[in-house]
Structures are given as structure tokens and as C-alpha cells.
Amino acid sequence: MFRLHSLRARIALYFAGFGALLSLVMAVMVYQSAHDLSVRLIDETLTAELDDYIARRERNPLSLPPSTVTLQGFVREASETDGVPDYLATLPPGRHEIRVGTLSYRAAVLDRDNARYYLLYDISLNLKRERRFALPLIVSSIVLFYVGVAFAYYVVFPLMFQFLASTTPTGVKMMTDIANYLDFVLLLFMAFGIAFEMPVAVVLLVVTGLVKLDVLTRNRGYVILGIFIIAAFLTPPDAVSQSFMAVPMYLLYELGILFARMIQKSRGTPAIATES
């Protein structure tokens, strides 16, 4: 039963507040990392498309700039004063994010051989997806951290302390050192809170394109081995504690794969690459 006068209960309450803040910070950092990765991939696409168009224009000066659903190109000779929209004319060379009406673009501007090249990549859909993804990410990160702390408090601690007490020799009274007790409890709260973030980590790895879904599904054996090794470092040196962390982590790993597959199907697994 959860009693407020229990030392362990008070520690859990204090740590739950800290954990919520920590989870929020982690979620924001992960969201920003995913956004930065998306921007880098788009910039690589812009660079490749610009290089391709410049090479084609050197072979055929009448070659037209790229024009697709997501890409729109312009070119202006140094002697010209028009030929590009006003919202592009004042942009210096480099990478920019601009908004035109209801649409958002990533713009690349490059000077080459007395000509200035402009290439726009429509990122409106990317931004909408990121915004839709942000709230579930933050909420799920906080909830999963709380679930991990609650699992440690209600399930792991009673069984683990019972096991540790049973190892006390007959006739010897177990005396708990408060400093070691606090360090031990806080370590396990943190370990289980972070361990239960596994579905969020798996979904982010797949959604951002860092790891393909089939790679995660093919290497389950290595994942199980890694989970048990991590659990061995984060828990006391007994099989019970290790299993109580490793088994939920693996189940959450499978849950993350399931959610990632559902997200991929709903999004149609869009690629970054575009038409040439």
C-alpha cells in the first residue's frame, strides 16, 4: 500500500516530479534532433539537385531548372534584374527557411559562374507531421517514465527486498544504511524510468530514418543480449532483479516495433529523395 509516511513513498513522489521534468527535456531534445536530421537530409537533397542541374546547364544552357511537386528551381544571370520571385530576390547565398502564404520552404541559394541558382524544397508536410508527432512524443515519454517508476516501486522493490532479506544469515538482523538505501532506490527509479522509454526510442529511430524497421526485427537476438547486459549493470547482482528489468524492456521493444510499423503504414513511408 502506498503510504506517504513511508520513506520509499516520499522518495518516489519527489523523484516522479523530477522524472517528469527530465522526460520533458529528453523529449524536446529528441524532437529537436529529429528535426535537425530531417533538415540535414533535405539540405543534402538540395545540394544534389543543384549540382545535377548546374552540370546539365553546363552541357545545355537552355536546360530548365527542376520543377516537381516538392522542388521548384530558378536561375538568374548576373546581368539580369528579374526572373525570380520577390521573396527570393533578396536572399543571400546559403540555406534559408521561408514562408510563402500557407506553405513553408527550405531554400538553397548558390552563386556559380556569373549566375545565381535558387532551389526551393516544400517542407510544409514535414512540419505538419513533426507537429502532430511532437505532442504524442512528449506525453508518451512522461507517461512511460512514470510507468517505469511505478513498476519499480510496486513490483520490483517488494520482491527484491524480500529476496535480499531472505539471504540474511539466521540470527543476524539486517540493518539498512540510509545513504546506501537512497542511492540504491534513486538509481533503480532512474534506471527503470529510462528503460521504459524503449518504445519512444524505437519509434524515433525508425521515423527519423536512422535505422530501418527490418534491421530491428532481424536482430532481435542481439537486442535481447544487449538488454540483459544493460540490466545486469543497472540492477543488483541477482537474476530476479535483472529479469524484472530485461523482460519489460524487451516487451516494450516489441511494442515500439509495432507502433513504428503502424506509423510507417499510415505515412506511406515517404522518401526524402525527389525526382531529378
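Residues numbered from 1 in each chain as written. Predicted model: local features only at pLDDT ≥ 70, side-chain atom pairs only at ≥ 80, totals over all residues. Heavy atoms only, no water.

## A closer look at the overall build of the chain
Step number 1: Secondary structure assignment for the chain yields eight helices and four strands.
Step number 2: Each helix and strand of the chain, ordered N terminal to C terminal, gives the series α-β-α-β-β-β-α-α-α-α-α-α.
Step number 3: By residue count, 39% of the 276 residues in the chain fall in the buried class.
Step number 4: Looking at the chain alone, contacts between residues at least 24 apart form 68% of all its contacts between residues at least 6 apart.
Step number 5: Carbon and sulfur atoms make up 65% of the accessible area of the chain, which totals about 15800 Å². (Helix = DSSP H or I, 4+ residues; strand = E, 2+ residues; numbered from the N terminus. Buried < 20%, exposed > 50% of the residue type's maximum accessible area, 1.4 Å probe, protein only. Contact = heavy atoms within 4.5 Å. Areas by Shrake-Rupley, 256 points an atom, 1.4 Å probe, with all protein chains shown as cover.)

## Description of the packing of aromatic side chains
Think of a pair of aromatic rings as described by two things: how far the centres are apart, and how the planes are tilted against each other in angle.
Step number 1: A full pass over the atoms with the stated rule returns six aromatic pairs.
Step number 2: Arranged with centres 5.8 Å apart and planes meeting at 80°, the rings of Tyr 53 and Tyr 117 form a pair that is edge-to-face. Here Tyr 53, found in helix α1 (residues 7-59), pairs with Tyr 117, found in strand β4 (residues 115-122); they are 64 residues apart in sequence, far enough to count as distant. Across this residue pair, the class does not change: Tyr 53 and Tyr 117 are buried.
Step number 3: Ring geometry for Phe 151 against Phe 196: centres 5.5 Å apart, planes inclined by 40°, an arrangement best described as tilted. On the criterion of sequence distance, the pair formed by Phe 151 in helix α3 (residues 124-166) and Phe 196 in the loop between α4 (178-195) and α5 (198-207) is long-range, its members being 45 residues apart.
Step number 4: Clustering of aromatic rings is evident, with ring pairs tying together Phe 151, Phe 192, Phe 196 and Phe 244. (Phe/Tyr/Trp six-rings, centres within 6.5 Å; stacked < 30°, edge-to-face > 60°.)

## Side note on helix α7 (residues 220-234)
For the α-helix, the turn length of 3.6 residues means that residues three or four positions removed from each other point alike.
Step number 1: Its 15 residues place the ends of α7 21 Å apart at the C-alpha level, agreeing with the 21 Å of an ideal helix rising 1.5 Å per residue.
Step number 2: Looking at α7, one finds that the buried residues are Val 223, Ile 227 and Ala 231. Down the axis of α7, the sector holding all buried residues measures 70°, keeping them to one side. Facing away from the buried side of α7 by more than 90 degrees, the exposed set consists of Gly 221, Tyr 222, Leu 225 and Phe 233. (Expected span 1.5 Å × (residues − 1). Arc of directions from axis to C-beta.)

## A look at unusual backbone geometry
Step number 1: Positive phi outside glycine occurs at Asp 113, with the angle close to 55°.
Step number 2: Structurally, Asp 113 is set in the loop between β3 (103-112) and β4.
Step number 3: Of the residues examined, Asp 113 reaches a relative accessible area of 57% and is grouped as exposed.
Step number 4: Its identity as a non-glycine residue notwithstanding, Asn 114 has a phi of 60°, on the positive side.
Step number 5: Here Asn 114 is to be found in the loop between β3 and β4.

## Looking at the environment of Pro 92
Step number 1: Looking at the secondary structure, you find Pro 92 in the loop between α2 (86-89) and β2 (94-100).
Step number 2: Relative accessible area serves as the criterion here: at 44%, Pro 92 is assigned to the partly exposed category.
Step number 3: Residues Pro 92 and Ala 108 lie 16 residues apart in sequence; the distance between their C-alpha atoms is 9.4 Å.
Step number 4: Those residues in contact with Pro 92 that sit more than four places away from it in its chain are Val 109 and Arg 116.

## Things to note about the sheet that holds β2
Step number 1: Read across the sheet, four strands follow the order β1-β4-β3-β2 without closing on themselves; strand pairing throughout is antiparallel. With one partner strand each, in any of the chains shown, β1 (71-77) and β2 form the two edges of the open sheet. Strand-to-strand twist of the sheet, defined as the mean angle between neighbouring strand axes without regard to direction, takes the value 25°.
Step number 2: With seven bridges joining them, β1 and β4 adopt antiparallel strand pairing. (Pairing = 2+ DSSP bridges. Axes fitted to C-alpha atoms, helices over the stretch in contact; angles between N-to-C directions.)

## Digging into the nonpolar core
Step number 1: One finds Phe 157, Phe 189, Phe 192, Met 198 and Tyr 253 to be the most contacted residues of the largest nonpolar core, which totals 32 residues.
Step number 2: Those elements that provide at least two residues to this core are α3, α4, α5, α6 (213-218), α7 and α8 (239-267).
Step number 3: When residues in this core are grouped by element, the largest group, eight residues, is from α3.
Step number 4: Membership of the second largest hydrophobic core comes to 14 residues, among which are Leu 50, Tyr 53, Tyr 117 and Ile 123. (Core = buried A, V, L, I, M, F, W, Y, C linked by side-chain atoms within 4.5 Å.)

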